[in-house]
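What follows is each chain in one-letter form.
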Amino acid sequence: MTEIIDLLLTMSQEIKDIKARIELIKYQKTDKFKDNWIDNQEVMQTLHISKRTLQTFRSNGTIPYSKIQGKFYYKVSDIEQLLQDNYYNHNFKNHGNK
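Residues numbered from 1 in each chain as written. Predicted model: local features only at pLDDT ≥ 70, side-chain atom pairs only at ≥ 80, totals over all residues. Heavy atoms only, no water.

Caption draft 1: Structural detail: the packing of aromatic side chains. Inspection of the entire model under this criterion finds one aromatic pair. Each ring, one from Tyr-65 and one from Phe-72, has its centre 5.3 Å from the other, and the planes form 70 degrees; the classification is edge-to-face. In this structure, Arg-58 is placed above the aromatic ring of Tyr-65, and the distance from its NZ or CZ to the ring centre is 5.9 Å. (Phe/Tyr/Trp six-rings, centres within 6.5 Å; stacked < 30°, edge-to-face > 60°. Lys NZ or Arg CZ within 6 Å of the ring centre and 35° of its normal.)

Caption draft 2: The pairing of strand S3 (residues 71–75), seen in detail. Side chains Phe-72 and Tyr-74 project from S3 onto a buried face, and the interleaved Lys-71, Tyr-73 and Lys-75 project onto a face without burial. With three bridges connecting them, strand S1 (residues 37–39) and S3 associate as antiparallel partners. Residue pairing across strands places Asp-39 opposite Tyr-73, the latter belonging to S3. Sheet topology note: the strand S2 (residues 66–68)/S3 ladder contains three bridges and is antiparallel. Looking at the pairing, Lys-67 lines up with Phe-72 of S3. (Buried < 20%, exposed > 50% of the residue type's maximum accessible area, 1.4 Å probe, protein only. Helix = DSSP H or I, 4+ residues; strand = E, 2+ residues; numbered from the N terminus. Pairing = 2+ DSSP bridges.)

Caption draft 3: View of the pattern of salt bridges. Following the criterion strictly, the structure yields one salt bridge and no others. For Asp-39, the salt bridge is made with Lys-71, and the minimal N-O distance between the two is 3.6 Å. With Asp-39 in strand S1 and Lys-71 in strand S3, the pair connects residues that are 32 residues apart, well separated along the chain. (Salt bridge = Lys/Arg side-chain N within 4 Å of Asp/Glu carboxyl O.)

Caption draft 4: Focus on unusual backbone geometry. Of note in the backbone geometry, His-48 takes a positive phi value of approximately 55 degrees without being a glycine. Among the secondary structure elements, His-48 is positioned in the loop between helix H2 (40–47) and helix H3 (51–59). The class of His-48 is exposed, set by a relative accessible area of 73%. Phi at Gln-69 takes a positive value of approximately 50 degrees, unusual for a residue other than glycine. Tracing the backbone through its elements, the reader meets Gln-69 in the loop between S2 and S3.

Geometric values such as these leave the question of function open.
Listed below in structure tokens is the structure:
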């Protein structure tokens, strides 16, 4: 009977270890997603802007970018930050007072 209890305790610990590994992998994938890179076309579609507007954003430093062999790439996290930094809710003027 003691052997069965020991076996169950061992299996329980192994299940906890597996669960911890799965959580770590999920966290790493989520964190990795934030550093995904997208190209001009995806940025223009996401922001609903023209190629010229995107060029202006690059030129004036609005959007950081990387350029490899004439092709531009942007971090998804930078695009998200740009949107967050420019978030405006017209219903909350004067510091939250309507």
